[in-house]
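# Fold and geometry: a report
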Amino acid sequence: MPKYAFFKGSIVPNEDAKISIMTHGFNYGTGCFEGIRAYWNPSEEQLYIFKLHEHYERFLDSSRILLMNLPFTAQRLAEITVELVRKEGYREDTYIRPVAYKADEVIGVRLHNLRDEIAIFAVPFGRYIDTEEAHAGVSSWRRIDDNSVPARAKITGAYINSAFAKTEAMRNGYDEAIVLTQDGHVSEGSAENIFIVRDGVLITPPITDNILEGITRTVMMELARKELGLQVMERPIDRTELYVADEALLCGTGVQVVAITQVDHRPVGTGTIGPIVKALRDLYFDVVRGRVRKYLGWCTPVYADRPEAMPVS
Ligand SMILES: Cc1ncc(COP(=O)(O)O)c(C=O)c1O
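Residues numbered from 1 in each chain as written. Predicted model: local features only at pLDDT ≥ 70, side-chain atom pairs only at ≥ 80, totals over all residues. Heavy atoms only, no water.

### Details of the pairing of strand β13 (residues 231–234)
Strand direction decides the pairing type here: strand β12 (residues 201–204) and β13, joined by four bridges, are parallel. Residue pairing in the sheet places V201 in a bridge with Q231 of β13. Crossover handedness for the path β12 to helix α5 (residues 215–226) to β13: right-handed. (Pairing = 2+ DSSP bridges. Helix = DSSP H or I, 4+ residues; strand = E, 2+ residues; numbered from the N terminus. Right-handed = clockwise from strand over helix to strand, strands pointing away.)

### Section: helix α7 (residues 275–288)
In this model α7 runs 20 Å from its N-terminal to its C-terminal C-alpha over 14 residues, within 8% of the 20 Å that 1.5 Å per residue would give. When α7 is considered as a whole, its buried residues turn out to be I276, V277, L280, R281, L283, Y284, V287 and V288. (Expected span 1.5 Å × (residues − 1). Buried < 20%, exposed > 50% of the residue type's maximum accessible area, 1.4 Å probe, protein only.)

### Details of helix α4 (residues 159–171)
The end-to-end C-alpha separation of α4 is 18 Å, in line with the 18 Å expected for 13 residues at 1.5 Å each. The set of residues buried in α4 consists of N161, S162, A165, K166 and A169. The buried residues of α4 occupy an angular sector of 125° when the element is viewed end-on, so they sit on one face. Seen from the open side of α4, the exposed residues pointing more than 90 degrees away from its buried face are I160 and R171. Contact partners of the buried residues in α4: β8 (133–142) and β9 (176–180). Phi turns positive one or two residues past the end of α4, at G173, with a value near 90°. (Arc of directions from axis to C-beta. Contact = heavy atoms within 4.5 Å.)

### Here's the deal with the pattern of salt bridges
This structure, assessed with the given rule, holds 22 salt bridges. As a salt-bridge pair, R289 and D93 come within 2.9 Å of each other at their nearest N and O atoms. With R289 in the loop between α7 and β17 (299–301) and D93 in the loop between α3 (74–88) and β6 (94–102), the pair connects residues that are 196 residues apart, well separated along the chain. With a relative accessible area of 17%, R289 lands in the buried category. As a salt-bridge pair, D282 and R281 come within 3.4 Å of each other at their nearest N and O atoms. For R281, a relative accessible area of 13% translates into the label buried. (Salt bridge = Lys/Arg side-chain N within 4 Å of Asp/Glu carboxyl O.)

### As for the packing of aromatic side chains
Under the definition given, this model contains 10 aromatic pairs. Ring centres of W141 and F164 lie 4.1 Å apart, and the angle between their planes is 20°; on these two criteria the pair is classed as stacked. Within this pair, whereas W141 is found in strand β8, its partner F164 is found in helix α4, the two being separated by 23 residues in sequence. Taking 4.5 Å as the distance between ring centres and 40° as the angle between the ring planes, the aromatic pair formed by Y295 and W298 counts as tilted. Of the residues examined, Y295 reaches a relative accessible area of 5% and is grouped as buried. Following the ring pairs from residue to residue traces out a cluster consisting of F50, Y284, F285, Y295 and W298. The aromatic ring of W298 is capped on one face by K51, whose charged end is 4.0 Å from the ring centroid. (Phe/Tyr/Trp six-rings, centres within 6.5 Å; stacked < 30°, edge-to-face > 60°. Lys NZ or Arg CZ within 6 Å of the ring centre and 35° of its normal.)

### Focus on the nonpolar core
By size, the foremost hydrophobic cluster in this structure holds 33 residues, and its most contacted members are I49, Y56, F59, I96, I118 and I120. For this core, the secondary structure elements donating two or more residues are β4 (36–41), β5 (46–50), α2 (52–65), α3, β6 and β7 (116–124). A total of seven residues in this core trace back to one element, the largest contributor, which is α3. Not counting residues up to four positions away in its chain, the partners in contact with Y56 are I36, A74, L77, A78, T81, P98 and I120. By size, the runner-up hydrophobic cluster in this structure holds 28 residues, among which are Y39, Y284, W298 and C299. (Core = buried A, V, L, I, M, F, W, Y, C linked by side-chain atoms within 4.5 Å.)

### Let's talk about the site of the ligand
Looking at the ligand, there are 15 residues lining it, with R58, Y159, E188, T216 and T253 nearest. Coverage of the ligand by the protein amounts to 97% of the 390 Å² it exposes when considered alone. Considering only residue class, the shell around the ligand consists of four nonpolar, six polar and five charged. (Near = heavy atom within 4 Å. Areas by Shrake-Rupley, 256 points an atom, 1.4 Å probe, with all protein chains shown as cover. Nonpolar A, V, L, I, M, F, W, Y, C, P; charged D, E, K, R; others polar.)

### A few points about the packing of α5 against α7
Where α5 contacts α7, the axes come no closer than 11 Å and their chain directions differ by 110°. As the angle between them shows, α5 and α7 are arranged roughly perpendicular. Relative to α7, the crossing made by α5 is right-handed. Between α5 and α7, the residues in contact are T216, V219, M220, L223 and A224 and L280, L283, Y284 and V287, respectively. Split into classes, the residues belonging to the contact of α5 with α7 amount to eight nonpolar, one polar and no charged. (Axes fitted to C-alpha atoms, helices over the stretch in contact; angles between N-to-C directions. Parallel < 35°, antiparallel > 145°, perpendicular 65-115°, else oblique. Left-handed = near helix turned anticlockwise from the far one by under 90°.)

As structure tokens, then:
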């Protein structure tokens with residue numbers, strides 16, 4: 001359990017950060033959140049928060065879609081987060097969860113005329129999927145649509161869609177679900193973006209296929225192009241392309257980078273992690289821990305002020 005939380009505008013003991021059972025966000029899922037990771041670098045005795053600023057930019061975008069008007073900039077939220085994590089004193093990999101929610105204690109489904117609050121907490125966190133070579137199954141649940149519940153916003157209530165897909169997948173013996181759009185194209189995992197490799201090209205669904213616009217997804221594309229010299233394509237993916245892909249991966253803050261080695265009980269490529277996924281995964285783990293100088297600007301240090309590494313607002 002964390003010792004502290006940011007709650008109602010200040011950092012308080014975690015046990016004082018409580019909401020009512022009448023809270024609007026609790027009853028109707030009218031909130032949005034982020035998942036941010038911080039990585040412990042033992043040789044530098046430093047905790048690096050990965051892509052902190054980008055997460056808060058997306059958080060504010062989600063909040064705007066929910067008609068929230070939060071009185072914080074991304075820069076200020078980043079500063080509060082560094083302060084909170086520093087106060088916890090963690091010296092291990094950590095997960096940071098900011099959540100904004102409709103805070104009024106009233107009955108009535110709506111977005112307007114409601115007070116908004118932000119809470120942030122941070123907890124030690126290891127792996128999200130307990131394998132490095134995941135078996136995935138195409139879900140019978142379809143992805144939520146932009147014109148019903150926008151997947152682009154990280155809306156708390158929308159995660160019931162992910163929960164249905166994840167539980168079905170696990171009960172069917174898979175590690176993870178692959179969810180299709182209403183028109184049958186590959187969208188993403190239950191809480192991860194997906195990439196496939198075909199003939200040396202890295203392919204991922206476009207942001208118009210009801211995906212969360214993943215920060216790790218952008219990182220994958222940049223590392224693939226700049227460091228591996230790969231061609232990257234954002235285009236719709238058919239279900240059966242999963243069956244003929246040479247390699248595939250899931251990526252996201254939680255899952256990090258995990259190879260998909262089976263889809264619907266069929267091997268992907270050789271059925272083990274392939275060279276491109278392995279290269280991307282290894283590079284990612286070096287980058288997030290602050291071990292690649294060129295990408296140090298993506299990592300915000302918690303324990304020392306190193307102004308050149310702080311993202312600019
Ligand atoms: C539905 C969904 N897709 C994709 C992602 C990956 O996004 P990111 O890389 O920004 O963590 C997440 C995780 O946050 C998610 O919940």
